[in-house]
Amino acid sequence: MKKATIKDIAAIAGVSPSCVSMILNEHNLSRFSEETIRKVHEARRETGYIPKKQQRHKNPKESILLICPSMMNPYYATLIQGMEQEARQRGYLTLIFTTYWDKKAEKEILDMITESAVSGVIFSMIPQQPELAEAISQKVPMVAVGDLSSSLKIDTVDVNNYQAGRTLASHLIGLGHQQVAYISTTLNAEHTSRTNRFDGLRDAFSQFCPHGAVLTYTQDVPSEEELSVTGIEFEVGYRLAKQCLAQSPQVTAIVAINDMVAYGVRQALYDAGKRIPEDISLCGFDNIYPSRFHGIDLTTIEHAIVERGRGSIRLLSAKMHKQSNLIDSNAITRMEYQSNLIIGTSTGPVRKD
């Protein structure tokens, strides 16, 4: 069988061989669009071509540690799968460590990193102890995947959760909703994606629907409960939705912090005899795969989960191999992916009382 060449990839991707060479060797990537980079990598996978530089990376000692709060939520499972797709193609070994949002567990693994053989570290969320993570990142290449944050001194692969909250607000306001509830697990400064989604939602209502209101229903979830209760997000959504129905009957739309919490809200609404969206509209965030199932069809925010996972590996690889033509080793690199509104059947015009 003929061995694939750069010219074969160029023909499939519709670009020049020199363009393929630069992208595969991660030279001057800023010159190319994300779409062009994606096409080249897809063509490379189709042909089975492996650049010489990546062949050298197939040393099993080059391992990457993936730190994740939990694998129960399909958001994190999908994100990790995207990371492993890219890592496997580059010949890296991946190791997964779960924290269940336990600061002690996070500190333990960070303390072990400098003494271990890992070549790089990826947080699938924003570290709960940023100063400790920043200190370790000076010794071991590190990337965090999460929320757009200008204060974190670590390379990041982000989405703008504040804007995502505003996007959902605009959708609901356009449907005539004025009384909205925001339902979330632990809501504090350590969970920036949750607070930024709320801030975006609230600020948009203040600006465009000043006579409306965004009510909050939250429940703190200790790390022990995160570990011991596999369906904790569903259960929190269920409990808080029942509380909301009892205390705030004027609410016509509920925004859940993520799709998993939204599933719990959905069940509580149905158990209470409420119709979705005729009585109450429902939204989530993340667009995890069950949200597209028939009968759920959730209105949610698409966060390019797999693409961000793959992008985090590419960014970390450049950092690990000190590819200064791609990034400055002394600079903080931030990759931002765009979010998109996915409109499902779970939202509709405000009910007529």
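Values in this document were obtained by computation on a predicted structure and should not be read as measured data.

When two helices pack together, you describe them by how their axes are tilted relative to each other and by the distance separating the axes. Contact geometry of helix α2 (residues 17-24) with helix α3 (residues 34-47) gives a least axis separation of 10 Å together with a crossing angle of 90°. In terms of orientation, α2 and α3 fall into the roughly perpendicular class. For the pair formed by α2 and α3, the contact residues are Cys-19, Val-20, Ile-23 and Leu-24 on the first element and Thr-36, Ile-37, Val-40, His-41 and Arg-44 on the second. Split by residue class, the contact of α2 with α3 holds 6 nonpolar, 2 polar and 1 charged.

Moving on: the sheet that holds strand β5 (residues 155-159). Taken in spatial order, the 6 strands make up an open sheet running β2-β1-β3-β4-β5-β11, and their pairing is parallel. Across the chains shown, the open sheet's two edge strands, defined by having one partner strand only, are β2 (93-98) and β11 (334-336). For this sheet, the mean inter-axis angle between neighbouring strands, taken without regard to orientation, is 20°. In the sheet, strand β1 (residues 63-68) pairs with β2 via 6 bridges, with the strands oriented parallel. Residue pairing across strands places Leu-65 opposite Leu-95, the latter belonging to β2. Sitting on the sheet, helix α5 (residues 74-89) touches β1, β2, β3 (120-123) and β4 (142-147), and the angle it makes with β1 is about 170°.

Enumeration according to the criterion identifies 3 aromatic pairs in this entry. An angle of 80° between the planes, with centres 4.8 Å apart, marks the rings of Tyr-75 and Tyr-76 as edge-to-face. Like Tyr-75, the residue Tyr-76 is buried in the burial classification. For the pair Tyr-182 and Phe-198, a centre-to-centre distance of 5.3 Å together with 45° between the ring planes defines the contact as tilted. Here Tyr-182 is found in strand β6 (residues 179-185), whereas its partner Phe-198 is found in helix α9 (residues 192-208), with 16 residues between them in sequence. The class of Phe-198 is buried, set by a relative accessible area of 13%.

Cut-offs and rules
One numbering rule holds for all chains: residues counted from 1, following each sequence as written. Residues qualify for local features only when their pLDDT is at least 70, as the model is predicted, and side-chain atom pairs are given and counted only at 80 or more; totals for whole chains, interfaces and linings, by contrast, use all residues. Hydrogens and water molecules were not included; the side-chain quantities draw on all heavy atoms of the structure. Lines fitted to the C-alpha atoms define the axes, with helices restricted to the stretch that makes contact. Angles between their N-to-C directions range from 0 to 180 degrees. Helix numbers and strand numbers start at the N terminus; a helix is a DSSP run of H or I with at least 4 residues, a strand a run of E with at least 2. Working rule for angles: under 35 degrees goes down as roughly parallel, over 145 as roughly antiparallel, 65 to 115 as roughly perpendicular, anything else as oblique. Contacts: residue pairs with any heavy atoms within 4.5 Å of one another. Any residue outside Ala, Val, Leu, Ile, Met, Phe, Trp, Tyr, Cys, Pro, Asp, Glu, Lys and Arg is labelled polar, Gly included; the first ten of those are nonpolar and the last four are charged. When DSSP locates at least two bridges between a pair of strands, those strands are taken to pair. Ring pairs shown here join Phe, Tyr and Trp side chains whose ring centres sit within 6.5 Å, with only the six-membered ring taken for Trp; geometry is labelled stacked below 30 degrees between planes, edge-to-face above 60, and tilted in between. Burial status follows relative accessibility: with a 1.4 Å probe on protein chains alone, a residue under 20% of its type maximum counts as buried, one over 50% as exposed, and anything between as partly exposed.

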